[in-house]
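Residues per chain are reported as follows:
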Amino acid sequence: MPALETYGAQPPIELLRQWMDHHGWYDRKQIGTFKKLVDINFVCAMGPPGGGRNAITPRLTRHFNYLSFTEMEDSSKKKIFSTILGSWMAGCLAVEHLNEPLVDATIRVYSTVTSQLLPTPAKSHYTFNLRDLSKVFQGMLMAEPAKIMDKLLLLRLWYHETCRVFRDRLVNEEDRTWFDDLMKTMMLEWETTFDEVVPFQPLLYGDFMMPGADVKLYELIESKETLIQVIEEYMEEYNQINTTKMKLVLFMDAMEHICRITRILRQALGNALLLGVGGSGRQSLTKLASHIPDLQLSGIKNGLDQRMWLQLQLPPKCSLSEKAEDLTRGADYECFQIELSKNYGMPEWREDIKKIMLKAGLHTLPITFLFTDTQIKSESFLEDINNLLNSGDIPNLYAPDEQDQIMTAMKPIVQDQGLQPTKANLMAAYTGRVRSNIHTVLCMSPIGEVFRARLRQFPSLVNCCTIDWFNQWPAEALQSVASSFFQDIPDPEATPEVIEGMIQMCVEIHQSVAQKCKVYLAELGRHNYVTPKSYLELLSIFTTLIGKKKQELKVAKTRMKSGLDKLLRTAEDVAKMQEELELARPLLAEAAKDTLVTMEQIEVDTAVAEETRNAVQAEEVKAKVKAQTAQAIADDAQKDLAEALPALDAALASLRNLNKNDVTEASQSTQLFITGSPNSED
């Protein structure tokens, strides 16, 4: 029911109560207008408060008449499931008489589990109901009854299906041991031992061991080597047709989960809730299981048992022939997963959900809807998934034109069923197709309060899903993964003994840290989780580091080798030069003598040159004195010249100004001067 608000009220409940008290609601567009609704009857269904269900206010419940449904009596359960199992056992006369005892044993197991394995904060998914009881028989109906030849084969199949429904959701070894002891006790009532029924562990069933076979038989898988080979072939096919390659290490624990997921996908209305920490391989194994082809329900068209099962599981207006046709069609399941982005919100989410629902409902395409808790950007996502699991429909999802498209496509199908093509019948047919073709696989981490709160708020996550708990990887898985990592190390020194020692060391590191985490929790009350992802990071860091160190050593080795080669070449060159030096030693001695003679001659020549230099320097001094004297004379002459030049310039100017008369006068004056004046004393 809706969560309580701050003051304890539930708004949706209060809206319903408003109609109960006043027969209408206010119009939100026309403020103040009160609209009354008449001729409406409410039929409500709910579980008792508790277990995550909120109490309903008495102001609402006082308007209702109560009709309580008590839990079904064991006799009624026995009648229903004996009828279903009896029709299936009609094909195996050797064990037909074991019908009622087997149903009684299953009901006792269910009653014991529900009374002993109670939900706790750490085991909030320990909630069992009749759906879980029915899933045991649903799993048995997948086997071919003609192949059940004796009691041991029947009990083996029954044990396997009981484990898949109840044991797979148990969280620790203590609970699993308790369940195994319960099953051993049940085996004693059949006058047989547990070891006879379960000759080896793990006990696995599947219908994919013969690829390409016309008839898919859901039978015991006896050979581990054959199982590995078949799954590796499927993985190789997956890698050939998908751009994102899948490289899985197929240890036994991983193959167990693949068998469990394929079993869920091949069932009518099969949905899975995979619980485990990050790195467990939930998404990869789901994608591989969805790729395994020809998933189908064997004999569903002709078997009365399967017809009864479909009547119990599907909406009453859905066609059995239509559902049988859909479920027997062998095909690869399209594995759809949303792609988160920064701007991904409710519009994009609704569009993605609408797309896969239209594919499943209109085109009858089988789809595996893979959804993880890391993709929950809004709790509204889980509300839509809860509706999809519970009813196959999401309110207010389709536009009017899309609704018309659905009505048009479903009309001939409904008419073939002999029903009136009313809107209710058309939508029921479409919803039935959606539920049959969409197999939801939810991958969640069971750590923290958020997970428990989600299970309380959205109960269909548990009620409508088969739970598969991913435990810690066993030592065999750790060794297989480490071996896969270390086989890629190109090291000639890595002998098988060294590799085995490295593998054991990695396993010991991981398991010892896991043990210390338990001690840490016991002493300090704080959790520290060591997940398979941590182990993969350890191996990745080790391989990366050893590759880096080997590269560094390779570079250092190359440099050292290059240096040594150069030293050797240098030593050879030095030896060769020494030989040449020995050969050239006489020549060098003679050249040294010549050099000495030359040096002596140079010394003599140097002395002569020194004397010449001194003489030159003396002459240079004399020349400088004479140059200075000449310079003084030149300066004096230049001074006189400078004094005479103005007079010369004046004379020249006067000369230019003379005319003829001046010349004549000057001539006369000159002549007079020469001859002398008559008045002169001379």
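Model, not experiment: these values are computed from the prediction. (Residues numbered from 1 in each chain as written. Predicted model: local features only at pLDDT ≥ 70, side-chain atom pairs only at ≥ 80, totals over all residues. Heavy atoms only, no water.)

What follows deals with the overall build of the chain. Each helix and strand counted, the chain has 23 helices and 9 strands in total. A compact globule built from 682 residues would reach a C-alpha radius of gyration of about 26 Å, whereas the chain, at 53 Å, exceeds it by more than 25%. When contacts within the chain are restricted to residue pairs at least 6 apart in sequence, those whose partners lie at least 24 apart make up 72%. If you sum the accessible surface of the chain, you get close to 40000 Å²; carbon and sulfur atoms cover 56% of it. Treating the 73 positive side-chain charges of the chain as one cloud and the 92 negative ones as another, the clouds have centres 10 Å apart. (Helix = DSSP H or I, 4+ residues; strand = E, 2+ residues; numbered from the N terminus. Rg over C-alpha atoms; globule rule 2.2 N^0.38 Å. Contact = heavy atoms within 4.5 Å. Areas by Shrake-Rupley, 256 points an atom, 1.4 Å probe, with all protein chains shown as cover. Lys, Arg positive; Asp, Glu negative; His and termini not counted. Charge placed at Lys NZ, Arg CZ, Asp CG, Glu CD.)

Tallied over the entire structure, the rule returns 17 aromatic pairs. Seen in terms of ring centroids, Tyr126 and Phe128 are 6.4 Å apart; in terms of plane orientation they differ by 45°. Their pairing is tilted. Its relative accessible area of 2% is what places Tyr126 among the buried residues. Feature note: the residues Phe336, Tyr344, Trp349, Phe369, Phe371 and Phe381 constitute an aromatic cluster, connected by ring pairs. (Phe/Tyr/Trp six-rings, centres within 6.5 Å; stacked < 30°, edge-to-face > 60°. Buried < 20%, exposed > 50% of the residue type's maximum accessible area, 1.4 Å probe, protein only.)

Next up on the list: the confidence of the model for the chain. With 90% of its residues at a pLDDT of at least 70, the chain reaches an overall mean of 83. Taken together, the stretch residues 678-682 has pLDDT below 50 and engages in 0 contacts with residues farther than four places along the chain or on a different chain. (pLDDT = per-residue confidence, 0-100.)

For the rest of this paragraph, the subject is the sheet that holds strand β5 (residues 272-275). Within a sheet, each strand pairs with its neighbour through backbone hydrogen bonds, oriented either parallel or antiparallel. Strand order in the open sheet formed by 5 strands is β6-β7-β8-β5-β9, with parallel pairing between adjacent strands. A strand with exactly one partner marks an edge of an open sheet, and here the two such strands are β6 (334-336) and β9 (466-469). Geometrically, the sheet is characterised by an average inter-axis angle of 20° between neighbouring strands, direction not taken into account. (Pairing = 2+ DSSP bridges. Axes fitted to C-alpha atoms, helices over the stretch in contact; angles between N-to-C directions.)

So, about helix α10 (residues 252-265). Residues spaced three or four apart along an α-helix point in a common direction, a consequence of the helix completing one turn every 3.6 residues. The first and last C-alpha atoms of α10 sit 20 Å apart over 14 residues, in line with the 20 Å expected at 1.5 Å per residue. Buried residues dominate α10, accounting for 14 of its 14 residues. (Expected span 1.5 Å × (residues − 1).)

With that out of the way, let us pick up the nonpolar core. What tends to happen in soluble globular proteins is that the nonpolar side chains get buried as a cluster. Core analysis: the largest hydrophobic core is formed by 95 residues, its most contacted members being Trp88, Trp158, Met357, Phe369, Phe371 and Tyr430. Aside from chain neighbours lying at most four places away, what touches Tyr430 is Met357, Leu358, Gly361, Leu362, Tyr398, Ile406 and Met410. The next biggest cluster of nonpolar side chains, apart from the first, holds 45 residues, and it includes Val230, Tyr234, Ala254 and Met502. (Core = buried A, V, L, I, M, F, W, Y, C linked by side-chain atoms within 4.5 Å.)

At a closest axis distance of 11 Å, the pairing of helix α14 (residues 346-362) and helix α16 (residues 400-416) adopts a crossing angle of 15°. With respect to their mutual orientation, α14 and α16 come out roughly parallel. Crossing handedness for the pair α14 and α16: left-handed. Each of Lys354, Leu358, Gly361 and Leu362 in α14 lies in contact with α16, whose residues at this interface are Glu402, Gln405, Ile406, Ala409 and Met410. Its residues assigned to classes, the contact of α14 with α16 shows 5 nonpolar, 2 polar and 2 charged. (Parallel < 35°, antiparallel > 145°, perpendicular 65-115°, else oblique. Left-handed = near helix turned anticlockwise from the far one by under 90°. Nonpolar A, V, L, I, M, F, W, Y, C, P; charged D, E, K, R; others polar.)

On to the side chain of Thr364, then. As for its placement among the helices and strands, Thr364 is situated in the loop between α14 and β7 (367-372). The class of Thr364 is buried, set by a relative accessible area of 13%. A polar contact is formed between the side chain of Thr364 and the side chain of Arg433, at a distance of 2.6 Å. (Polar contact = N/O pair within 3.5 Å; in protein donor to acceptor, adjacent residues only side chain to side chain.)

In this section: a negative patch on the surface. The grouping of Glu232, Glu233, Glu236 and Glu237 at the surface amounts to a negative patch. With respect to the helices and strands, the residue Glu233 is situated in helix α9 (residues 224-241). Overall, the relative accessible area of 35% leaves Glu233 in the partly exposed class. (Patch = residues over 30% accessible without salt bridge, like charges linked within 9 Å, V, L, I, M, F, W, Y side chains within 5 Å. Salt bridge = Lys/Arg side-chain N within 4 Å of Asp/Glu carboxyl O.)

Turning next to the side chain of Thr106. Relative to the helices and strands, Thr106 is located in helix α4 (residues 99-116). Setting aside residues up to four positions removed in sequence, Thr106 forms contacts with Leu133, Val136, Phe137 and Trp158.

Attention shifts here to the state of the cysteines. As used here, a disulfide is simply a covalent bond connecting the sulfur atoms of two cysteines. Applying the stated criterion across every chain, the model contains 0 disulfides. The cysteine Cys335 is free of any disulfide, with Cys443 supplying the nearest cysteine sulfur at 9.0 Å. Between Cys506, a cysteine without a disulfide, and Cys517, which holds the nearest cysteine sulfur, the sulfur-to-sulfur distance is 17 Å. Residue Cys506 is classed as buried on the basis of its relative accessible area, which comes to 7%. (Disulfide = S-S within 2.5 Å.)

In this section: the environment of Ile292. Looking at the element boundaries, Ile292 is found in the loop between α11 (282-291) and α12 (304-313). Through-space distance from the C-alpha of Ile292 to that of Trp190 is 36 Å; in sequence the pair is 102 residues apart.

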